[in-house]
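Analysis of the macromolecular model
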Amino acid sequence: QAQLVESGGGLVQPGGSLRLSCAASGSIFRFNAMGWYRQAPGKQRELVATIAHGGNTNYADSVKGRFTISRDSAKNTVHLQMNSLKPDDTAVYYCNAERWSGVHYWGQGTQVTVSS
């Protein structure tokens, strides 16, 4: 089992920044990959960004150049730095961790609202 706890969501104006954090119970190197997904009202959950065990990163086209995923292995934490936020970025953001076996774990989600 693995527990993932997100933090850092909130209300921000368009053009602003937020930094999300996902704290894992135990070493993040147990996982094949970790990442962030989001789900807006009435829409399906979608991938935002992932970071693989070897450090390779992947981003949705809609966030490339604005969001950065990183990890702090000493603190078993993955971060998502979000800059130049837009109203379309409004969603519940979920942390995800994938085991080598293919099993996925999810956090409880954190709300991000971009509005003036």
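Higher on the page you've got the structure.
A quick note: this is a predicted structure, and the numbers were derived from the prediction, not measured. (Residues numbered from 1 in each chain as written. Predicted model: local features only at pLDDT ≥ 70, side-chain atom pairs only at ≥ 80, totals over all residues. Heavy atoms only, no water.)

For the rest of this paragraph, the subject is the layout of surface pockets. Roughly 190 Å³ of volume is contained in the largest pocket. Here the residues of the lining of the largest pocket are counted per class, giving two nonpolar, four polar and seven charged. (1 Å grid on protein atoms, 1.4 Å probe; cavity = no way out; pocket = protein on both sides within 12 Å on 5 of 7 lines; lining within 4 Å. Points joined across faces, edges and corners; volume = space filled by probe spheres on them. Nonpolar A, V, L, I, M, F, W, Y, C, P; charged D, E, K, R; others polar.)

Unlike most non-glycine residues, Asn 76 shows phi in positive territory, near 50°. Inspection of the secondary structure puts Asn 76 in the loop between β7 (67-72) and β8 (77-82). Not every positive phi belongs to a glycine, and Ser 84 is a case in point at roughly 50°. Here Ser 84 falls in the partly exposed class, since its relative accessible area comes to 41%. (Helix = DSSP H or I, 4+ residues; strand = E, 2+ residues; numbered from the N terminus. Buried < 20%, exposed > 50% of the residue type's maximum accessible area, 1.4 Å probe, protein only.)

Taken as a whole and assessed by the stated rule, the structure comprises two aromatic pairs. With a centroid separation of 5.1 Å and an interplanar angle of 70°, the aromatic rings of Tyr 37 and Trp 106 are classed as edge-to-face. Here Trp 106 lies in strand β10 (residues 104-106) and Tyr 37 lies in strand β4 (residues 31-39), a separation of 69 residues in the sequence. Residue class for Tyr 37 comes out buried when judged on its relative accessible area of 18%. Relative accessible area serves as the criterion here: at 37%, Trp 106 is assigned to the partly exposed category. Cation over ring: Arg 45 sits above Tyr 94, and NZ or CZ is 3.7 Å from the ring centre. The cationic tip of Arg 45 hangs over the ring face of Trp 106; the distance from NZ or CZ to the ring centre is 4.6 Å. (Phe/Tyr/Trp six-rings, centres within 6.5 Å; stacked < 30°, edge-to-face > 60°. Lys NZ or Arg CZ within 6 Å of the ring centre and 35° of its normal.)

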